[in-house]
Amino acid sequence: MKAPSLAKIEGVYSVAPETADSWRDAHGKAPFVRGPYEKMYQQKPWTIRQYAGFEGALETNAFFKRALSQGQTGLSVAFDLPTHLGFDSDHDLAAADVGRTGVAIDSVEDMAVLFDGIDLGNVSVSMTMNGAVLPIMACFIVAAEEQGVAPDKLSGTIQNDILKEYIARNTYIHSPDFSMGVVSDVVAYCSAHMPRFNSMSISGYHFQEAGASPELELALTMANARAYLTHFQQQGIDLEFVAKRLSFFFGLGMSFYKEVAKLRAARFLWSELLDEFSIRSENAKRLKMHCQTSGVSLTESSPLNNIVRTTIEAMAGVFGGTQSLHTNSYDEAISLPSDQASKVALETQFILQHETGIGDVVDPWGGSYMMESATQSMIEYVRTMQKNIETEGGVLALVASGQLTTFIHRQALQTAMDEEALNKKIVGKNCYQSPTSSPQHQRVIASDKTLLQQSKKLAQLKLKRDDGAVKRALQALQAAARSKQNLMPFTIDAIRVRATVGECIKALTDEASRYLKPEYIESAPFCTHLDADIVKRYQTLSSQLDRPLRFLIAKVGLDGHDRGAKVIVSLLRDLGIEVDYLPIFASIDDIIQQDAMCPYDGIGLSILSGAHIHFITQITQKIRTDCPIFVGGVIPTSDKNTLEKIGVEVVFTAKHSLNDIAISLYDTLVVATKI
Ligand code: 3CP
């Protein structure tokens, strides 16, 4: 399948804007190009909703309370990877990742601590949860109930968008088929019992982070939205009612005009889509969105420059009319946000809201020929992509075959090549470089301590609870899955009697097993962008060995951010190296076994979760001593030396160009192969 191109002549969008007259339309009226509400921020400023979570519920609760007291207006929970994948903290596969990239939630007891002292009837809470959505929603509902807040009083959003997990984010558990049933169970339950709660946040953000352009991000998001509506209709769900509580989530990258146009076009397309489904409710047609500034646009070098990037991206969100916004912290290319960087990110939004007057004008770009034309270009791109997707069998077929993932991967490869060839300039990364100045304060996650605490709490929970009641509730949940009933009430029953998140997911995976999606990695002509000399040296080395070089690339642990790892696989293949790529969620033992079958010339591990020291310590203890180990990912400078002492040959981070990587690998391989 081919992507259409965004019609453009020398930087000026050339599509005659049908929407050009829309600037004369009243704001807050279908098709909502100019914004979902008449007075927009004049009536209510956007919600400042910073995504956060780390270590245990107690630590994250303290962070939330601080943020609210500083003026943040909504909460957004980041869960750790074991919780996303439905493993309790004391599960073998969870050990490295507990509390690292989010908060560890094993049971309703943790959820109660997370919101202790926070009135759930008053503060709206967004939860980024997809794979383990059933037990996490159940924990939230039961924790609120025990706080005295009934489900119908709860406001907030559950992400509950599984399609984008298969396409880009990788925290899915079951097969797409089973998971679509779970999505509709949550949607149906929320619409019946939680009228103030948004039952989905249909997400494009992760597509852009994985490599998609803003227009591809929008096209895939709208294609998924259509697939969900079709699915709900087939399930007999009343679309008129549920569509009001389907919200959206977009990324904000550095293509300023395109980002504003994307948000305007999104509202038009959603309104048009609901017309197609004969939905009459104006409120449902009003697309409401959360936006987050881009993580991949942040550079490791000169990190304070990231404040400028984030501000510009945030402004695109505000000009585009977002309802809720997260601004990234300047140190995120290096580590999880420090307190200092989180504070700057939060206060960036205060400055925008209180000092600039940026929200005083509704849709300030409306009527600009360029912006109306860019909006129209986006709309047409999405319509063409939708036709292409349908011709190829529809979203569900393309998700199952991995083709949509490949589509994004191709754009990621192109971006990597454009940056290498300086067609795309990134200040401090491929031009205007200066010596890296690390941020002064980096957040250190006490993962081992959190693991111990969580394990202790789980043991105590299991001592206190009524095991018989737990067993019966889990059996009922499993039976409901077998007979295809709505699983939400059964999960709530199980959580109420203190079944854990992991136990609920285990009951379901015994019925619908864990799933691993197919992976394809495209080739790309990287060598044309590298120094000719280095390409030649690889060829010579291979001829001297009289065999191709062999490499293993793997992601270890539960971290599914695979954009960088896949780019490296394509790069090495183009250099003539035979590369094996292990499916995500590999263990160190998987890697050792793979190497034992036919030893590699080098092994590269990609780790973005912060668990690098844990995994590298394990692999260097178990692997043969003459195997060079390379690491890539989000690695704080202070950990680089530690990794090299443990035995890593080279640590690669976002600041390395592909040419740097090719040269460093070559130098090590020459020594390792004893040529
Ligand atoms: C708002 N309201 C208004 C106006 N503005 N009424 C009149 N005029 C206005 N100008 C009303 C709304 O209709 C609504 O009322 C109420 O005020 C609240 O406003 P809202 O716009 O619904 O705002 P909010 O509650 O903040 O909800 C925003 C959306 C929600 C709808 C976008 O889905 C949301 O908060 N999403 C956040 C998702 C999120 O945080 N995701 C994090 C992803 P009613 O209640 O009566 O309707 S983080 C992922 C990071 C990457 C990763 O995955 O790893």
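Calculation criteria
Residues numbered from 1 in each chain as written. Predicted model: local features only at pLDDT ≥ 70, side-chain atom pairs only at ≥ 80, totals over all residues. Heavy atoms only, no water. Axes fitted to C-alpha atoms, helices over the stretch in contact; angles between N-to-C directions. Helix = DSSP H or I, 4+ residues; strand = E, 2+ residues; numbered from the N terminus. Parallel < 35°, antiparallel > 145°, perpendicular 65-115°, else oblique. Left-handed = near helix turned anticlockwise from the far one by under 90°. Contact = heavy atoms within 4.5 Å. Core = buried A, V, L, I, M, F, W, Y, C linked by side-chain atoms within 4.5 Å. Buried < 20%, exposed > 50% of the residue type's maximum accessible area, 1.4 Å probe, protein only. Expected span 1.5 Å × (residues − 1). Polar contact = N/O pair within 3.5 Å; in protein donor to acceptor, adjacent residues only side chain to side chain. Near = heavy atom within 4 Å. Nonpolar A, V, L, I, M, F, W, Y, C, P; charged D, E, K, R; others polar. Pairing = 2+ DSSP bridges. Right-handed = clockwise from strand over helix to strand, strands pointing away. Salt bridge = Lys/Arg side-chain N within 4 Å of Asp/Glu carboxyl O.

**Digging into the packing of helix α10 (residues 256-276) against helix α12 (residues 305-320)**
Phase 1 of the analysis: Contact geometry for α10 and α12: axes closest at 8 Å, N-to-C directions at 30°. Regarding the angle of α10 to α12, the classification is roughly parallel. Both α10 and α12 take part in a crossing whose hand is right-handed. Residues F256, E259, V260, L263 and R267 of α10 pack against I312, M315, A316, G317, F319 and G320 of α12.

**Considering the nonpolar core**
Phase 1 of the analysis: Counting residues in each nonpolar core, the largest one holds 117 residues, and the members touching the most others are F232, W270, Y538 and L575.
Phase 2 of the analysis: For W270, the contacting residues outside a window of four places in its chain are M222, A225, L229, A243, L246, F248, A284, K285, R286 and L287.
Phase 3 of the analysis: A138, V149, I158 and L477 belong to the second largest nonpolar core, which has 62 residues in total.

**Some details on helix α13 (residues 339-355)**
Phase 1 of the analysis: With 17 residues, α13 should cover 24 Å at 1.5 Å per step; its first-to-last C-alpha distance of 23 Å lies within 8% of that length.
Phase 2 of the analysis: Where α13 is concerned, the buried positions are A341, S342, A345, L346, T348, Q349, F350 and L352.
Phase 3 of the analysis: Residues of α13 that are buried make contact with β3 (47-48), α1 (57-69), α12 and β12 (324-326).
Phase 4 of the analysis: Immediately beyond the C-terminal end of α13, within one or two residues, lies G357, with a positive phi of roughly 70°.

**Some thoughts on the side chain of T673**
Phase 1 of the analysis: Summarising the element assignment, T673 is placed in the segment after α26 (658-672).
Phase 2 of the analysis: T673 sits in the buried class, given a relative accessible area of 15%.
Phase 3 of the analysis: Side-chain polar atoms of T673 contact the backbone oxygen of V670, separated by 3.4 Å.
Phase 4 of the analysis: Among all residues touching T673, those that are not within four sequence positions of it are L541, L545, R547, L549 and D601.

**A word on the site of the ligand**
Phase 1 of the analysis: In the vicinity of the ligand there are 25 residues, among which Y37, T47, T157, R169 and H206 approach most closely.
Phase 2 of the analysis: Within the side chain of T47, one N or O atom sits 2.6 Å away from an oxygen atom of the ligand.
Phase 3 of the analysis: Taking R245, its side chain carries an N or O atom lying 3.3 Å from an oxygen atom of the ligand.
Phase 4 of the analysis: If you tally residues by element for the shell around the ligand, the top one is strand β11 (residues 289-293), at three residues.
Phase 5 of the analysis: Its residues assigned to classes, the shell around the ligand comprises six nonpolar, 14 polar and five charged.

**Here's the deal with the environment of R286**
Phase 1 of the analysis: Structurally, R286 is set in the loop between α11 (282-285) and β11.
Phase 2 of the analysis: For R286, a relative accessible area of 17% translates into the label buried.
Phase 3 of the analysis: Put simply, R286 and A78 are 208 residues apart on the chain and 27 Å apart in space, counted from C-alpha to C-alpha.
Phase 4 of the analysis: Sequence-distant contacts of R286, defined by excluding residues within four places in its chain, comprise G28, F32, P36, Y37 and W270.
Phase 5 of the analysis: In this structure the side chain of R286 is engaged in a polar contact, spanning 3.3 Å, whose partner is the side chain of N283.

**Considerations on the pairing of β11**
Phase 1 of the analysis: Extensive coverage of β11 is indicated by the burial of five of its five residues.
Phase 2 of the analysis: Bridge count between strand β10 (residues 246-252) and β11: five bridges; the pairing is parallel. Paired with F250 across the bridge in β11 is C291.
Phase 3 of the analysis: Where β11 lies against β12, three bridges are found, and the strand directions are parallel. Of the residues in β12, the one forming a bridge with H290 is S324.
Phase 4 of the analysis: Remark: the β11/α12/β12 crossover connection has right-handed handedness.

**Thoughts on the pattern of salt bridges**
Phase 1 of the analysis: Overall, the coordinates contain 37 salt bridges when judged by the stated rule.
Phase 2 of the analysis: The closest approach of N and O atoms between R465 and E503, which form a salt bridge, is 2.8 Å. Placement of R465 in the loop between α17 (447-464) and α18 (467-482) and of E503 in helix α20 (residues 501-509) is noted, with a sequence separation of 38 residues between them. The same class applies to R465 and to E503, which are both buried.
Phase 3 of the analysis: Its salt-bridge partner being K566, residue E519 comes within 3.0 Å of it at the nearest N-O pair. With a gap of 47 residues between them, E519 in the loop between α20 and α21 (532-545) and K566 in helix α22 (residues 563-574) connect regions that are remote in the sequence.
Phase 4 of the analysis: Residue classification places E519 among the partly exposed positions, given a relative accessible area of 22%.
Phase 5 of the analysis: Classification of K566 as buried rests on a relative accessible area of 3%.
Phase 6 of the analysis: In this structure, a network of salt bridges that share partners links the residues R34, R264, D363 and E372.

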